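# Examining the three-dimensional arrangement
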2 protein chains.
Amino acid sequence: MQRRSPTRRAFLGSSALAGAAWSACQAPAPESTADTASTGTLGSPVSRYGQRSPFENATRGVRTTLTPEAASSRTPLDETYGIITPSALHFERHHAGVPEIDPANHELMIHGLVERPMAFSLEDIKRLPSVSRVHFVECSGNSGGEWSPAGAPNVSLSHGLASCSEWTGVPLRILLEEAGVRPEAGWILAEGADACLMQRSITLEKAMDDGLVAYGQNGEAIRPEQGYPLRLILPGWEGNTNVKWLRRIKVTEGPQYVKDETSKYTELMEDGTAWIFTFEMDAKSVITRPSGGHSIGSPGFVEISGLAWSGRGKIARVEVSTDGGSSWSDAELQAPVYSRAFTRFRLPWEWDGAETVLLSRCQDETGYVQPTRALLIEERGTKSAYHCNRIKGWRVAADGSVTSAEV
Amino acid sequence: MQRRSPTRRAFLGSSALAGAAWSACQAPAPESTADTASTGTLGSPVSRYGQRSPFENATRGVRTTLTPEAASSRTPLDETYGIITPSALHFERHHAGVPEIDPANHELMIHGLVERPMAFSLEDIKRLPSVSRVHFVECSGNSGGEWSPAGAPNVSLSHGLASCSEWTGVPLRILLEEAGVRPEAGWILAEGADACLMQRSITLEKAMDDGLVAYGQNGEAIRPEQGYPLRLILPGWEGNTNVKWLRRIKVTEGPQYVKDETSKYTELMEDGTAWIFTFEMDAKSVITRPSGGHSIGSPGFVEISGLAWSGRGKIARVEVSTDGGSSWSDAELQAPVYSRAFTRFRLPWEWDGAETVLLSRCQDETGYVQPTRALLIEERGTKSAYHCNRIKGWRVAADGSVTSAEV
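Throughout, residues of each chain are indexed from 1 in the direction in which the sequence is written. All chains are assigned letters beginning with A, and all ligands numbers beginning with 1, in the order in which they are written. Local features in this predicted model are restricted to residues of pLDDT 70 or higher, and side-chain atom pairs are both shown and tallied only at a pLDDT of 80 or more, whereas totals for entire chains, interfaces and linings draw on every residue. To get the side-chain values, take all heavy atoms of the structure and skip hydrogens and water.

Interfaces are often sized by the amount of accessible area the parts lose when they come together. In what follows, residue pairs with any heavy atoms lying within 4.5 Å of each other are defined as contacts. At the interface, 121 residues of chain A touch 121 residues of chain B. Summing both partners gives a buried area of about 9900 Å² for chain A against chain B, and 55% of it is carried by carbon and sulfur. On the chain A side of the interface with chain B, the three residues burying the most area are Val46(A), Tyr81(A) and Arg127(A), jointly 9% of the side's total. The term salt bridge refers to a side-chain nitrogen of Lys or Arg lying within 4 Å of a carboxyl oxygen of Asp or Glu. Counting across the interface, chain A meets chain B through zero salt bridges. Here the buried area means the combined drop in accessible surface, using a 1.4 Å probe, for two parts upon being joined, counting both sides.

Shown next as structure tokens:
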């Protein structure tokens, strides 16, 4: 079949994409069949609640463990499109399993350093002023395997503990103002209704700024694994602080140093001291397509696509290298770019069939630039498992197969 | 329990919402129980593909019919949050049922007035430059029952043939440029792979402007009922032109006047003539909460929330009346406002317990204002079933029950 090899410049002009698909096109089908072919038989009738196609098999990555109730499952980011993560594929990290909660029997209590202790039912909360916001949630242990040179072999294992949803709920500020926060208050303790009553200490400043008590996720009720019927959403803060199955908020003077912020979710430094309350997730990006485990197929045009996010605001820039870091090109960012949300980036690429390494590097609106692994180790040492956001590389072999690259 | 009745002004200031929830609060729960209560037992383990809570039962409205393959199902808009419609609840309108298509055997052919007839596999299409956009799809028969004074009793029956998704795919322009459109071309014919080979004629101008060949919906593969594996998305145009299971595009000089644009989807005028190719959906809004079938409960603060959309661009303004049209207040529009997408609007309201009628009226960026039923009939008569976008009213009775109002 006919082929063309346009220059890279030809692809970078959005209006100059004619020809880009030549290398991807197949021989034309004969019109005769196209004009007449039909399944000939009626399909399935309408239904009350739809399911995905039986030909689709994307699943969350689950590792076999003796304690599947205190485990995690990972989003197959390379099998998602756009910036919304399907709720059925949103990553999980549970400490005592997913409780089955009847919303009719669930209340959120606000007490402690308040003028008026209160308990809100779901019905109460749904009458109040609401807001919808698109935000990512990321486990601070995400990319923990990336401290090693090559890191994980695919993007589900390397970055799959992050997902992005449209969350709907009531600003936490409104509920706290109802209860009347006392002047001496400085923090809150948020508690979930799971078997371990998972707790985290959160600054009152964050709670009042953009904390959200969410009951909606991607248009429907929040999913059980994500905290049904209520989840605390703290945009940009490590996943564990986004307390699921939210049942209680105690307003306090200072942090409580509970189990999940002392035994876990702290970063040990080389000198033996540890960082604690490292709430904000640093800017991170990863190429999701093509990525580890994929095969590009034949040389020619291939769109490079990926995701970038930052816990400190909007993604300002994503650069992509298709030559192992010798040169970088600005990727196009899908608009609108939300604050503290997945941002989809894309770069048109003409693969010449030679082995190479693909890299992505993002910068957020604060000016922070995603570091190399070497820079990250220089700052934090190697004793810390959490908050790894180093640049990830994918090696494309001459046969089109893609694997993780040492960078 | 204690109550307050702040003035309406108190609610309209976003920073002055303290007290708004008083009328919704319950008696405080004793700290003793709150501090100790726990399910005590481990919950469910992590899973590969999640499901909604067993306590959630929102479903698409399905009418019993002798031909469920040529029927429709309706989105329960009052049970959705934000602007994304859960894919499982996206409305359906099929003419020959939902075909089960193996993507490995599916191709999109582009032929007719082109230089190079082509057939694209899914793999081919996924290598090409992609884009994600949030758009509504609405059946032009949506709100057909609203030609009568009271209209349908609930929002699923009155407006449920409209839904909104994040669609991902390849701009149709790119595929047409690959095939090389000939100068004499003016229209295209799009054909689906369902049993009836559903077809529609579409202007080449629209196809080149913002037509999208979508393979992604809300982050995952497009759902079978929505056209898996490929659907033509024509932002703002009547749903039927957004051809599902897209298999063929024939570039033509003029429209083909096929069955589904002559026997259906035309509007009969009073003088016996008919409008044809009325592609754009007019601006429309509806209050989804509270709406028909709901019960507000006790008097006090209630957020009024709804959806507005226009086939001609962005929603510029939504006004809400809580007194049957005597006075109107500007509702807050959830940002960002997308073009040709659902826009969520909200208005804080203190219900005093008296019977009243709630109305919403939207305006799009072209200046077009959603009409009353009387105005619509004045312009179009009563012989036309399609494209009804009149203002909808909900009556709130003294006992808090909500029904459709004659307006």
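Here we take up the nonpolar core. What is meant by a nonpolar core is a set of buried Ala, Val, Leu, Ile, Met, Phe, Trp, Tyr and Cys residues, joined one to another through side-chain atoms within 4.5 Å. The buried label goes to any residue with under 20% of its type's maximum accessible area, the exposed label to any with over 50%, and the partly exposed label to all in between, with areas taken from a 1.4 Å probe on protein chains only. Residues Phe342(A), Trp349(A), Val318(B), Val320(B), Phe342(B) and Trp349(B) are the most contacted members of the largest nonpolar core, which totals 68 residues. Look past the residues within four positions of Phe342(A) in its chain and what remains in contact with it is Leu77(A), Ile83(A), Thr85(A), Phe136(A), Ala162(A), Ser163(A), Cys164(A), Leu307(A), Ala308(A) and Trp309(A).

This brings us to the sheet that holds strand 22 (residues 356-364) of chain B. All names here are of chain B. When DSSP finds two or more bridges between two strands, those strands count as paired. Where helices and strands are cited, they refer to DSSP runs of H or I of at least four residues and of E of at least two residues respectively, numbered from the N terminus. Spatially, five strands are ordered 19-18-22-23-24 in an open sheet, and the strand pairing comes out antiparallel. Each edge of the open sheet is held by one strand with a lone partner, namely strand 19 (329-330) and strand 24 (402-405). Examined bridge by bridge, strand 23 (residues 393-396) and strand 24 share four bridges and lie antiparallel to one another. Of the residues in strand 24, the one forming a bridge with Val396 is Val402.

All names here are of chain A. Domain delimitation follows an automatic or database domain assignment. Split by domain assignment, chain A resolves into domain 1 (92-272) and domain 2 (284-405). With centres defined by C-alpha atoms, the gap from domain 1 to domain 2 works out at 29 Å. Contact residues are listed per partner, giving 36 residues for domain 1 and 33 residues for domain 2. Contact between domain 1 and domain 2 buries roughly 2800 Å² in total, counting both sides, with carbon and sulfur atoms accounting for 58%. Taken together, the links from domain 1 to domain 2 amount to four salt bridges.

All names here are of chain A. Using the criterion set out here, one finds 46 salt bridges over all chains in the structure. Note that Glu225 is salt-bridged to Arg60, the shortest N-O span being 2.8 Å. Linking Glu225 in the loop between strand 11 (220-221) and strand 12 (231-233) with Arg60 in the loop between helix 2 (31-36) and strand 1 (61-62), this pair joins segments that are 165 residues apart in sequence. Accessibility classification places Glu225 together with Arg60 in one group, the buried group. Residue Glu261 pairs with Arg200 through a salt bridge whose shortest N-O separation is 3.2 Å. With a gap of 61 residues between them, Glu261 in helix 7 (residues 259-262) and Arg200 in strand 9 (residues 199-203) connect regions that are remote in the sequence. Residues Glu261 and Arg200 agree in their burial class; the two are buried. Residues participating in the shared-partner salt-bridge network are Arg317, Glu319, Asp330 and Arg361.

Attention now moves to the layout of surface pockets. Roughly 810 Å³ of internal volume is contained in the largest pocket. Put plainly, a pocket is an open set of points on a 1 Å grid over the protein atoms alone with protein on both sides within 12 Å along at least five of seven lines, a cavity is a set where a 1.4 Å probe fits but cannot get out, and a lining residue has an atom within 4 Å of a point. Around the largest pocket sit 34 residues that line it, and Tyr81(A), Arg289(A), Leu122(B), Glu123(B) and Lys126(B) are the ones nearest its centre. Elements represented by at least two residues in the lining of the largest pocket include exactly strand 17 (300-309) of chain A together with helix 3 (122-127) and strand 11 (220-221) of chain B. A total of five residues in the lining of the largest pocket trace back to one element, the largest contributor, which is helix 3 of chain B. Along the lines of polarity and charge, the residues of the lining of the largest pocket split into 15 nonpolar, eight polar and 11 charged. Grid points are joined across faces, edges and corners, and a volume is the space filled by probe spheres set on the points. Here the second largest pocket is characterised by a volume of approximately 700 Å³. Lining the second largest pocket are 29 residues, with Glu123(A), Lys126(A), Asp78(B), Tyr81(B) and Arg289(B) positioned closest to its centre. For the lining of the second largest pocket, the elements supplying multiple residues, two or more each, are helix 3 (122-127) and strand 11 of chain A together with strand 17 (300-309) of chain B. Asp, Glu, Lys and Arg are counted as charged, while Ala, Val, Leu, Ile, Met, Phe, Trp, Tyr, Cys and Pro are counted as nonpolar; the rest, among them Gly, fall into the polar class. Partitioned by chemical class, the residues of the lining of the second largest pocket number 14 nonpolar, five polar and 10 charged.

Let's shift gears to the pairing of strand 9 of chain A. All names here are of chain A. Among the five residues that make up strand 9, five are buried, leaving the element largely enclosed by the rest of the structure. The alternating pattern of strand 9 places Gln199, Ser201 and Thr203 on one face and Arg200 and Ile202 on the opposite face, and all of these are buried. The pairing of strand 8 (residues 187-192) with strand 9 spans five bridges and is classified as antiparallel. Looking at strand 9, one finds that Ile188 is bridged to Ile202. Linking strand 8 to strand 9, which pair antiparallel, is a turn of six residues; within it Leu197 sits at a positive phi near 45°.

All names here are of chain B. Turning to its location among the elements, Met118 is positioned in strand 5 (residues 118-121). A relative accessible area of 2% places Met118 in the buried class. Distance from Met118 to Ala179, taken between C-alpha atoms, is 6.3 Å for residues 61 residues apart in sequence.

Between the two chain copies there is a screw-like relation: a rotation about an axis and a shift along it. For the least-squares superposition of copies, only C-alpha atoms count, and only for residues with pLDDT at least 70 in both. Once turned by 180° and shifted 0.0 Å along the axis, chain A lies on chain B with an RMSD of 0.0 Å. Accordingly, the operation relating the two chain copies is best matched by a two-fold axis. The fraction of interface residues of chain A whose copies in chain B are also interface residues reaches 100%, indicating that both copies meet through the same surface.

All names here are of chain A. Counting buried positions along strand 6 (residues 131-138) yields seven of eight residues, so the element is predominantly enclosed. Here strand 6 pairs with strand 7 (residues 162-171) via eight bridges, running antiparallel. Among the inter-strand pairings, Val131 is bridged to a residue of strand 7, identified as Gly169.

Residue and element names in this part refer to chain B. The sheet built from three strands is open, its strands ordered 1-2-3 with antiparallel pairing. What marks the edges here is a single partner per strand, and that holds for strand 1 (61-62) and strand 3 (92-93). Examined bridge by bridge, strand 2 (residues 72-74) and strand 3 share two bridges and lie antiparallel to one another. When the sheet's bridge partners are listed, Ser73 is paired in strand 3 with Glu92.

Let us look at unusual backbone geometry. Residue and element names in this part refer to chain B. For the peptide bond that leads from Tyr228 to Pro229, omega is 5°, which places it in the cis range. Structurally, the position occupied by Pro229 is in the loop between strand 11 and strand 12 (231-233). Along the chain, Arg289 connects to Pro290 via a cis peptide bond; the corresponding omega equals 0°. As for its position among the elements, Pro290 is in the loop between strand 16 (284-289) and strand 17.

Here we take up the packing of aromatic side chains. Stacked, tilted and edge-to-face are the three classes applied to pairs of Phe, Tyr and Trp rings, where Trp contributes its six-membered ring and a pair requires centres within 6.5 Å; stacked means planes under 30 degrees apart, edge-to-face means over 60, and tilted covers the rest. One pass over the full model with this rule turns up 20 aromatic pairs over all chains. Between Tyr265(B) and Tyr386(B), the aromatic rings sit 5.3 Å apart at their centres with planes inclined by 35°, giving tilted as the arrangement. Of this pair, Tyr265(B) sits in the loop between helix 7 (259-262) and strand 14 (267-268) while Tyr386(B) sits in the loop between helix 8 (373-380) and strand 23, and the two are 121 residues apart along the sequence. Geometrically, the ring pair formed by Trp309(B) and Phe342(B) is tilted, given 4.8 Å between the ring centres and 45° between the ring planes. Here Trp309(B) is found in strand 17, whereas its partner Phe342(B) is found in the loop between strand 20 (332-333) and strand 21 (343-351), with 33 residues between them in sequence. Like Trp309(B), the residue Phe342(B) is buried in the burial classification. By the ring-pair criterion, three or more aromatic residues cluster together here, those being Trp187(A), Trp237(A), Tyr257(A), Phe277(A) and Phe279(A). Our definition puts a charge over a ring when NZ of Lys or CZ of Arg is within 6 Å of the ring centre and also within 35 degrees of the ring normal. It is Arg312(B) that lies over the ring of Tyr368(B); its NZ or CZ is 5.8 Å from the centre. Residue placement shows Arg361(B) over the ring face of Trp328(B); its charged tip is 3.9 Å from the ring centre.

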